[in-house]
Amino acid sequence: MLAALLPPLVFSTLLIPAISWNPSIPFPSCLTEGVTWDPENVIELVIDVPTPEACQLACSAKADCEGFSWIADDIDLLVAKSCVLFSETKEEIPHENIISGPSICPCTITGGCKSIDHNVIEAIPDTVNISQCRKICAETDGCEAFTFLGEDHTLANLCVLYSSCEDFDDDCTECTTGIPNCEPCKFSETFYGVCTVCSNDALLLSYAPPLSGQSSRMVLCDDPLDKTCQSAQVTLCPAGYHLCSHLEFITLNDKWNFSINKNHRPVGEIYCRHKSGAGHFTLGYNGLSNIFLNIDESMNCWYASSRPHSQCTATADGCDQKHVSALCCSPNPKCGNGAVDDPLEECDDGNDSDDDDCLTTCTWRKPESGC
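Parameters at a glance
- Residues numbered from 1 in each chain as written.
- Predicted model: local features only at pLDDT ≥ 70, side-chain atom pairs only at ≥ 80, totals over all residues.
- Heavy atoms only, no water.
- Buried < 20%, exposed > 50% of the residue type's maximum accessible area, 1.4 Å probe, protein only.
- Helix = DSSP H or I, 4+ residues; strand = E, 2+ residues; numbered from the N terminus.
- Arc of directions from axis to C-beta.
- Contact = heavy atoms within 4.5 Å.
- Pairing = 2+ DSSP bridges.
- Phe/Tyr/Trp six-rings, centres within 6.5 Å; stacked < 30°, edge-to-face > 60°.
- Disulfide = S-S within 2.5 Å.
- Core = buried A, V, L, I, M, F, W, Y, C linked by side-chain atoms within 4.5 Å.
- Axes fitted to C-alpha atoms, helices over the stretch in contact; angles between N-to-C directions.

Visitor: Any details on helix 3 (residues 52-60)? Residues and values, ideally.
Guide: Every buried residue belonging to helix 3 is among P52, C55, Q56 and C59, and all of these are buried. Buried residues along helix 3 cover an arc of 100° about the axis, so they all sit on one side. In this structure, the buried residues of helix 3 make contact with strand 4 (67-71), strand 5 (83-86) and strand 6 (93-102).

Visitor: Pulling in residues and values, what's your account of the pairing of strand 6?
Guide: By the bridge criterion, four bridges tie strand 2 (residues 32-36) to strand 6 in an arrangement that is antiparallel. The residue bridging V35 from the neighbouring strand is P94, located in strand 6. Inspection of the sheet shows strand 4 paired to strand 6 by five bridges, in the antiparallel sense. In the sheet register, F68 faces strand 6, and the bridge partner there is G101.

Visitor: How would you explain the packing of aromatic side chains if you had to name every residue and give the values?
Guide: Enumeration over the complete set of coordinates arrives at five aromatic pairs. Measuring from centroid to centroid gives 5.5 Å for W37 and F86, while their planes differ by 75°, and the two rings are edge-to-face. Placement of W37 in the loop between strand 2 and strand 3 (42-46) and of F86 in strand 5 is noted, with a sequence separation of 49 residues between them. Residue W37 is classed as buried on the basis of its relative accessible area of 8%. Residues F249 and F281 carry aromatic rings whose centres are separated by 6.0 Å and whose planes lie at 55° to one another, so their mutual orientation is tilted. One end of the pair, F249, is in helix 5 (residues 246-252); the other, F281, is in strand 21 (residues 278-282), and 32 residues separate them in sequence. In this structure F249 comes out as buried when scored by relative accessible area, which is 0%. With a relative accessible area of 0%, F281 lands in the buried category. Feature note: the residues Y285, W302 and Y303 constitute an aromatic cluster, connected by ring pairs.

Visitor: An account of the environment of C198 is needed here, citing residue identities and associated values.
Guide: Here C198 is to be found in the loop between strand 15 (194-195) and strand 16 (203-207). Classification of C198 by relative accessible area gives buried; the value is 10%. Put simply, C198 and L220 are 22 residues apart on the chain and 8.6 Å apart in space, counted from C-alpha to C-alpha. Every residue in contact with C198, bar those within four places of it in the chain, is listed here: L203, L204, L220, C221, L236, C237 and P238.

Visitor: An account of the state of the cysteines is needed here, citing residue identities and associated values.
Guide: Evaluated as defined, the whole model comprises 17 disulfides. Across the disulfide from C59 sits C65; the S-S distance is 2.0 Å. Looking down the S-S bond of the C59 and C65 bridge, the torsion is -105°, so its handedness is left-handed. Neither C59 nor C65 differs from the other in exposure class; each is buried.

Visitor: Describe the nonpolar core, and please don't skip the residues or the numbers.
Guide: Soluble, globular proteins show a tendency: their nonpolar side chains are buried together. Membership of the largest hydrophobic core comes to 18 residues, with the highest contact counts inside it found for M218, W256, F281, L283, L293 and L327. Looking at this core, the elements with two or more residues in it are strand 17 (218-222), helix 5 and strand 24 (325-329). Apart from residues no more than four positions distant in its own chain, M218 is found in contact with Y207, A208, C244, E248, F249, L252, N253, W256, L327, C328 and C329. Core analysis: the next-biggest nonpolar cluster, separate from the first, contains twelve residues, A145, Y162, C165 and F168 among them.

Visitor: Report on the sheet that holds strand 7 (residues 108-110), specifying residues and quantitative values.
Guide: Spatial strand order, 7-13-10-11-9: five strands in an open sheet with antiparallel pairing. Edge positions in the sheet fall to strand 7 and strand 9 (120-124), since each has one partner strand and no second. The average undirected angle you get between the axes of adjacent strands in this sheet is 20°. Note that strand 9 and strand 11 (residues 159-162) share four bridges and pair antiparallel. Considered in strand 11, the bridge of I124 is made with C159.

Visitor: Which residues make up the environment of E33, and what values go with them?
Guide: Within the fold, E33 resides in strand 2. By relative accessible area, which is 57% here, E33 ends up exposed. Separated by 37 residues in sequence, E33 and W70 place their C-alpha atoms 9.5 Å apart.

Below, the structure is given as structure tokens:
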């Protein structure tokens, strides 16, 4: 195989430095609101289409359909839930109450998978484009992800197939990575370019607007039936997310103009208390009825919870506050690189274990103060 003949340095432009990328986390929707295309390129009008995703499916079923526009509300002669199919999508035209997109979402991101632990299946030269690379991956047993090297890369048009993509580098701007089979998030579940779906039928109450210079995201999920123990609130978070540390909250909440009643008090990471037991970083420690999420919270371990006995002594069962909501954060890409990176980290031991003093949120298991 070509991959066996290439020296490791060939992949260094793809792979250093490495950050975490989880291919199992759904890709965001590629649909766009407020644009459409030249009506002269309309090839079909379909009425009574319930969702923009259903309209996209209708487009993908036609060989000559390049894009679609779904009518969200009545517009002139077009009624709501009409689906307009286009043969060309060269120039966007602004238009209200319309959601548009390509026949198929590409489900790709800029950057490359890291070559590690013999995860390279094969490297195929002279691959025409990303679509062909994806097709090759889909037809190759064990291929979980692919990276395509663009025209301006030293190894242009090389398609690298991977059995896993546990480490990822986003510095290679001429590399495009994707998965062979993809079901992206719905348009209604994509916020600021990120797929955000709470798990286990939890409701997404709110999401913090993204901040410049920070790739991490923060959302609030809630069990509408209040049947989830506070110690299990992480099971409500979107796939790949974790309960936020106190540093993540005070860093990412700057523009979060949302308030929540104390009866659904948000809880984050679980820390060991100094005397005994464990407790969540809990919002609303000041006792006010409404908790404003754009106001910083001091470090605390207020609501009792549980961690394994090997981590904290005499922990409670963590199941007497089921009314709380889950304060969830997406992975911090720098956590685990062995260096303490402000402002989201206070420790970093370079591993993914919670059995030592530094948790996988890159905060101390037993905080110096507040617990």
